[in-house]
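Survey of secondary and tertiary structure
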Amino acid sequence: MTLPSRLAGFSSKAYQSVEDAKRWAQTVSDRLAEGRGAGHYVCVPHPILPLMAEWLAGTGMDVGVQDLSRFGPGPHTGDVTAEILAELGCRYVMLGHPERRRDYGETWQIVAEKSARAAQNGIVPIIIAGEPHRDDDVRAVCAEQLDHVLSAIDPDADLVIAYEPAWAIGVADAAPAAHIIDSVAAIRDLLGSRSGDTRIVYGGSAKSGTFNDIVAAGAARPAGIPDGVFLGRAGLDPHAFLASVDEVASD
Ligand SMILES: O=C(CO)COP(=O)(O)O
């Protein structure tokens, strides 16, 4: 599998109703039909996955989800397996998000197991890595988080790292561009050379303009420029999401 060189993503978290998601998809698919360069994806709640795949058919946009089971098919009541998601056309799964670690106590060992199940079924894990607090040692925290995942998945498997400092999620502004650049450079270094495609995107109160700000600030340090952005709240407005798609494509 080959990942696009640039990625713009949106996670609808648990914000949208089915009708909201349908309206969002209609606006996005009308505009994507005009043709846009960057890879783009949307991660939705499980029941919306097959609907979103249908609504976005023919647009080139990939669909993903926000979690999957650490287990394979079998006696695991309530779980949604990677096998089922793959059958439904799921391309990406978000794993390790601080909201799931906060709400369900997910450990990095569990995240690693889920990542392996995704990769084995051809679903690209989007690993949400980043430090909990503003003054944490980003490199040390991310090294520990990524070690779990990298030792669990095949080096040939494609992988997306979403650098999302937890302190910058759900607040007014994204982390400062200089901080993002330092952190992304550290994560690139930690990832070393993998045989599978690997991309790094930035998430955490990102909006239209965030990617351009990072690119401008990182002109002298290309290793610190992420390969795209991952929107939460700002992406609920389909026009704002499309503006980020354009920014990422035009870099
Ligand atoms: O958590 C995020 C994406 O995974 C980002 O959320 P916000 O953009 O709403 O801060």
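Structure's up top.
Figured I'd write up the structure that's included with this text. As the structure is a prediction and not an experimental result, all values here were calculated from the model.

Each value, and the rule that gives it
Residues numbered from 1 in each chain as written. Predicted model: local features only at pLDDT ≥ 70, side-chain atom pairs only at ≥ 80, totals over all residues. Heavy atoms only, no water. Helix = DSSP H or I, 4+ residues; strand = E, 2+ residues; numbered from the N terminus. Buried < 20%, exposed > 50% of the residue type's maximum accessible area, 1.4 Å probe, protein only. Contact = heavy atoms within 4.5 Å. Lys, Arg positive; Asp, Glu negative; His and termini not counted. Charge placed at Lys NZ, Arg CZ, Asp CG, Glu CD. Expected span 1.5 Å × (residues − 1). Arc of directions from axis to C-beta. Phe/Tyr/Trp six-rings, centres within 6.5 Å; stacked < 30°, edge-to-face > 60°. Disulfide = S-S within 2.5 Å. Axes fitted to C-alpha atoms, helices over the stretch in contact; angles between N-to-C directions. Parallel < 35°, antiparallel > 145°, perpendicular 65-115°, else oblique. Left-handed = near helix turned anticlockwise from the far one by under 90°. Salt bridge = Lys/Arg side-chain N within 4 Å of Asp/Glu carboxyl O. Near = heavy atom within 4 Å. Polar contact = N/O pair within 3.5 Å; in protein donor to acceptor, adjacent residues only side chain to side chain. Areas by Shrake-Rupley, 256 points an atom, 1.4 Å probe, with all protein chains shown as cover.

**Overview of the overall build of the protein chain**
Scanning the protein chain from N- to C-terminus turns up nine helices and eight strands. In terms of overall dimensions, the protein chain has C-alpha extents of about 45 × 40 × 35 Å along its principal axes. Expressed as a percentage of the 251 residues in the protein chain, the buried residues total 52%. Long-range contacts, defined here as pairs at least 24 residues apart, represent 77% of the contacts in the protein chain between residues at least 6 apart. The centroid of the 21 positive side-chain charges in the protein chain is displaced by 2 Å from the centroid of its 34 negative side-chain charges.

**Overview of helix 1 (residues 18–32)**
Helix length check: helix 1, at 15 residues, gives a terminal C-alpha distance of 21 Å against a target of 21 Å (1.5 Å per residue), a fit within 8%. Every buried residue belonging to helix 1 is among A21, W24, A25, V28, S29 and L32, and all of these are buried. Looking straight down helix 1, one finds its buried side chains confined to an arc of 125°; they lie on one side. Looking at the buried residues of helix 1, the elements they touch are strand 1 (7–11), strand 2 (39–44), helix 2 (49–55) and helix 9 (238–250).

**Digging into the packing of aromatic side chains**
The full count for this structure, using the stated rule, is six aromatic pairs. When the centroid spacing of 4.9 Å and the interplanar angle of 40° are considered together, the rings of Y41 and Y92 count as tilted. Residue Y41 is found in strand 2, and its partner Y92 is found in strand 4 (residues 92–95); the two are separated by 51 residues along the sequence. Accessibility classification places Y41 together with Y92 in one group, the buried group.

**Quick notes on the environment of A168**
By secondary structure assignment, the location of A168 is in the loop between strand 6 (159–163) and helix 7 (177–191). On the basis of relative accessible area, A168 is assigned to the buried category, the value being 0%. Counting along the chain gives 46 residues from A168 to G122, while the straight-line C-alpha distance between them is 30 Å. Setting aside chain neighbours within four positions, we find A168 in contact with D173, A175, Y202, G204 and S205.

**Some points on the state of the cysteines**
What makes a disulfide is a covalent bond joining the sulfur atoms belonging to two cysteines. Evaluation of the coordinates by the stated rule reveals zero disulfides. As a non-bridged cysteine, C43 has C90 as the owner of its nearest cysteine sulfur, 7.5 Å distant. C142 takes part in no disulfide bond, and the closest cysteine sulfur to it belongs to C43, at a distance of 19 Å.

**Side note on the packing of helix 6 (residues 138–152) against helix 7**
Between helix 6 and helix 7, the least distance of the axes is 10 Å, while the angle of their chain directions is 40°. One way to sum up the angle between helix 6 and helix 7 is to call them oblique. Classified by chirality, the crossing of helix 7 by helix 6 is right-handed. Across the interface between the two elements, V138, R139, C142, A143, L146 and L150 from helix 6 touch H179, S183, A186, I187, D189, L190 and L191 from helix 7.

**Points about the side chain of Q145**
Checked against the element boundaries, Q145 lands in helix 6. The buried category is assigned to Q145, whose relative accessible area is 6%. Q145 has contacts with R101, W108, A129 and G130, leaving out every residue within four places of it along the chain.

**Topic: the pattern of salt bridges**
What the rule picks out here adds up to 16 salt bridges. Here R6 makes a salt bridge to D227, at a shortest N to O gap of 3.6 Å. Of this pair, R6 sits in the segment before strand 1 while D227 sits in the loop between helix 8 (210–217) and strand 8 (228–231); the two residues are 221 residues apart in sequence, bridging distant segments of the chain. Note on R6: relative accessible area 22%, which makes it partly exposed. Among the ionic pairs, D67 bridges to K114, the shortest N-O distance being 2.8 Å. Of this pair, D67 sits in the loop between strand 3 (62–65) and helix 3 (82–87) while K114 sits in helix 5 (residues 108–120), and the two are 47 residues apart along the sequence. Pair check on accessibility: D67 and K114 agree, each one buried.

**Considering the site of the ligand**
Every residue lining the ligand is accounted for by K13, M94, H97, E164, I169, G170, G204, S205, G232 and R233. At 2.7 Å from an oxygen atom of the ligand is found a main-chain nitrogen or oxygen belonging to G170. When isolated, the ligand has an accessible area of 310 Å², and the protein chains bury 100% of it.

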